[in-house]
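# Descriptive analysis of the structure
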Amino acid sequence: MLKHCLLNSAIFLAIGCGAADNDPQKNAGPYPDFLSEYQDYSADGTGEVGESMNAFVLTDQHGDELDFRQLLGFVTVIDVGAVWCVPCQQSATTAQALQDELGDQSWVVQVLVQDATGGPPGIDDAEEWADRYGLELPVLADELQENLVQWAIFAWPTAFIVAPDGEILVRSDGALTDEQIVELTRDALQTHASELRK
């Protein structure tokens, strides 16, 4: 009887779980998974131009973790804001259209570092932000406010444009127009074309 139960359990597990899928794109959740290629990437910069972006790991509006290293190989726009900030809200209204215009060799990511009261944001803040502004792009909650400090954020919003190798190309303390972001990002795409993930 015990052998029969163990055999049935083994068959159930084999059928229910299936063989492990080794395709990294399928195991990555909603984000590209090239972590094995970039596992040696580490940076502890302060968000200044010419430095490498720190390898943050934050949770998005769906509860999925995004490791910055998953964005290497793309040009990334990181828009840092607060829920209470009116210019950040204005930036969010066009963020999805901006991502759609820039295409699949770039990412637009919004990082909330403060909630409506200036405190640490939660996943619920990221979810409400994404819902309010119709965002399918990643909205990340800096729940421990580590990046608020690491990047020395003092202006709202603050934007970074990051090269495929992680180098910070642009830091704007204060809002950029969509036209400026598109122009700067397209310049980065052209300049770093050989580094882009194909």
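We now turn to the structure provided with this report. Numbering of residues starts from 1 in every chain and runs along the sequence as written. The predicted nature of this model means local features are confined to residues of pLDDT at least 70 and side-chain atom pairs, given and counted, to a pLDDT of 80 or more, with totals for whole chains, interfaces and linings taken over all residues. For side-chain calculations, the full set of non-hydrogen atoms in the structure is used, while hydrogens and water are omitted.

As a further point, take the side chain of Gln110. Helix numbering and strand numbering both begin at the N terminus, where a helix is a DSSP run of H or I of at least 4 residues and a strand a DSSP run of E of at least 2. In this structure, Gln110 sits in strand β4 (residues 106-114). For each residue, the accessible area found with a 1.4 Å probe, counting protein chains only, is set against the maximum for its type, and the residue is called buried under 20%, exposed over 50%, and partly exposed in between. With relative accessibility at 3%, the residue Gln110 sits in the buried group. There is a polar contact of 2.8 Å between the side chain of Gln110 and the side chain of Asp79. Note on contacts: a residue pair is in contact if any heavy atoms of the two residues lie within 4.5 Å. Once you skip the residues sitting within four places of it in the chain, Gln110 turns out to touch Asp79, Ser91, Ala92, Ala95, Trp129, Leu135, Leu137, Pro138, Val139 and Leu140. Between N or O atoms, a polar contact is any pair within 3.5 Å; within protein, one atom must be a potential hydrogen donor and the other a potential acceptor, and residues adjacent in sequence are included only when both atoms are from side chains.

Right, let's talk about the nonpolar core for a bit. Put simply, a nonpolar core is a bunch of buried Ala, Val, Leu, Ile, Met, Phe, Trp, Tyr and Cys residues held in one set by side-chain atoms that sit within 4.5 Å of each other. Among the nonpolar cores identified, the biggest contains 27 residues, and Trp129, Leu135 and Val139 are the most heavily contacted of them. Here the element with the most residues in this core is helix α3 (residues 86-102); it accounts for five residues. In contact with Val139, not counting residues within four places along its chain, are Thr59, Asp60, Gln61, Gln110, Leu112, Ala126, Trp129 and Ala130. Membership of the second largest hydrophobic core comes to 23 residues, among which are Tyr31, Met53, Leu58 and Ile78.

Take the state of the cysteines next. Cysteine sulfur atoms are paired as a disulfide whenever they come within 2.5 Å of each other. Enumeration over the complete set of coordinates arrives at one disulfide. Each disulfide pairs two cysteine sulfurs, and for Cys85 the partner residue is Cys88, the sulfurs being separated by 2.4 Å. Since a negative S-S torsion denotes a left-handed disulfide, the Cys85-Cys88 link at about 80° is right-handed. Here Cys85 and Cys88 have matching classes, each one buried.

Burial runs high along strand β3 (residues 75-82): eight of the eight residues are buried. With burial as the criterion, each face of β3 is covered, one bearing Val75, Val77, Asp79 and Gly81 and the other bearing Thr76, Ile78, Val80 and Ala82. Orient the strands so they point away from the viewer; a crossover is then right-handed if the path from the first strand over the helix to the second runs clockwise. Crossover connection from β3 via α3 to parallel β4: handedness right-handed. DSSP-based pairing: two strands are paired if at least 2 bridges between them are found. Where β3 meets strand β6 (residues 158-162), five bridges bridge the pair, whose relative direction is antiparallel. Residue pairing in the sheet places Thr76 in a bridge with Val162 of β6.

By this rule, a helix spans an expected 1.5 Å times one less than how many residues it contains. With 17 residues, α3 ought to run about 24 Å at 1.5 Å a step, and its terminal C-alpha atoms sit 24 Å apart, in line with that. Axes are fitted to the seven residues ending at a residue and to the seven starting at it; the angle between these axes is taken as the bend at that residue. Of all the bends in α3, the largest measures some 40° and sits at Thr94. Where α3 is concerned, the buried positions are Cys88, Ala92, Ala95, Gln96, Leu98, Gln99 and Leu102. Summarising the contacts, the buried residues of α3 are in contact with β3, β4, α4 (123-133) and α6 (178-191). Trailing α3 by a residue or two, Gly103 shows a phi angle of about 90°, which is positive.

Strand order in the open sheet made by the seven strands is β2-β1-β5-β4-β3-β6-β7, with mixed pairing throughout. What marks the edges here is a single partner per strand, and that holds for β2 (65-67) and β7 (168-173). Averaged over all pairs of adjacent strands, the angle between their axes in this sheet comes to 30°, without regard to strand direction. One ladder, built from three bridges, connects strand β1 (residues 57-60) with β2; its direction is antiparallel. Within the sheet, the bridge partner assigned to Thr59 lies in β2 and is Glu65. Docked against the sheet, α4 engages β1, β3, β4 and β5 (139-141), running at close to 160° with respect to β5. Throughout, an axis means a line fitted to C-alpha atoms (over the contacting stretch in the case of helices), and angles, computed between N-to-C directions, take values from 0 to 180 degrees.

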